[in-house]
Amino acid sequence: MSAEFGVVLVAVLAVAALIAAVLVIRTRRVVATPAERAVHATLHTAATAARALRKGLDAESAAAAVPHLRELTGAAGVALYDTDATLLAHDGSIWTTAPATLADAGRAAQTAATGGRRVLTGTAPALIAQPLLPDDSEALGVLVVASPTRPGPGLLGAIGEVARYATGQLELAELGASRARLDRAEVLALRAQISPHF
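Caption draft 1: Structural detail: the sheet that holds strand β1 (residues 77-81). Strand order in this open sheet of five strands is β2-β1-β5-β4-β3, and the pairing throughout is antiparallel. Strand pairing shows two members of the sheet lacking a second neighbour, β2 (87-91) and β3 (118-120), which therefore form its edges. The sheet shows a mean angle of 15° between the axes of neighbouring strands, direction not considered. Judged from the three bridges that link them, β3 and strand β4 (residues 126-132) form a sheet pairing that is antiparallel. Bridging from a neighbouring strand, Leu120 pairs with Leu127 of β4. Sheet strands in contact with helix α3 (residues 59-73) are β1, β2 and β5 (141-147), and its direction is about 40° off that of β2. In this fold helix α5 (residues 99-115) packs onto β1, β2, β3, β4 and β5, with an angle of close to 35° to the strand it touches most, β4.

Caption draft 2: A look at the pattern of salt bridges. Applying the stated criterion across every chain, the model contains three salt bridges. Here Arg107 ties to Asp104 by a salt bridge, and the two come within 2.4 Å at their closest N and O atoms. Here Arg107 pairs with Asp104, and both are found in helix α5, just three residues apart, close to one helical turn. Judged by relative accessible area, which is 22%, Asp104 ranks as partly exposed. For Arg164, the salt bridge is made with Glu161, and the minimal N-O distance between the two is 2.6 Å. Of this pair, Arg164 and Glu161 both sit in helix α6 (residues 153-194), three residues apart, roughly one helical turn.

Caption draft 3: Quick peek at the pairing of β5. Burial within β5 is extensive, with seven of its seven residues counted as buried. Side chains Gly141, Leu143, Val145 and Ser147 project from β5 onto one buried face, and the interleaved Val142, Val144 and Ala146 project onto a second face that is buried too. As judged from the five bridges shared by β1 and β5, these two strands associate in the antiparallel manner. Paired with Ala79 across the two strands is Val144, which belongs to β5. Note that β4 and β5 share seven bridges and pair antiparallel. The partner of Ile128 across the bridge, within β5, is Val145.

The rules we used
- Residues numbered from 1 in each chain as written.
- Predicted model: local features only at pLDDT ≥ 70, side-chain atom pairs only at ≥ 80, totals over all residues.
- Heavy atoms only, no water.
- Pairing = 2+ DSSP bridges.
- Helix = DSSP H or I, 4+ residues; strand = E, 2+ residues; numbered from the N terminus.
- Axes fitted to C-alpha atoms, helices over the stretch in contact; angles between N-to-C directions.
- Contact = heavy atoms within 4.5 Å.
- Salt bridge = Lys/Arg side-chain N within 4 Å of Asp/Glu carboxyl O.
- Buried < 20%, exposed > 50% of the residue type's maximum accessible area, 1.4 Å probe, protein only.

Laid out in structure tokens, this is it:
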């Protein structure tokens, strides 16, 4: 009986060792630590927002980008405005629970489009209007973030970085459009050289 018990024990240990080896090998291929998972999730969210913003800033691209921008900021609500303070899109339940907040956000966006970051903490929720401002250029739009609490330096820094990232993506969209216009102009110039009758 002890020989049978020994064989069964060895078989069970062999199966356990095999399962442990498979788990070790599989976990090496995936993001394992919480920090790695957080970095991966953040990069994925940023890449998803970039896809929308690379189309330029309009209602469609803003609607696709705002959920991801809200996730990047960790805010209760995010809205994107054009330079005329026209609301393009918003995300977050905070806008529906406090409808006057959207009107306040529009006024903050209008001020921020010409005068830099605007932080309104006297209202509930607090509003942070950050212009999407390229270097040495006019604003491309305004990112407005709603926070149920007074924004601290961490949130303000995150909003600034997300706005800088969104601005970079919008600049790349404009660069792509400029290249397309340049290519079209070159084709037209070549046609005119080849045959002046075109």
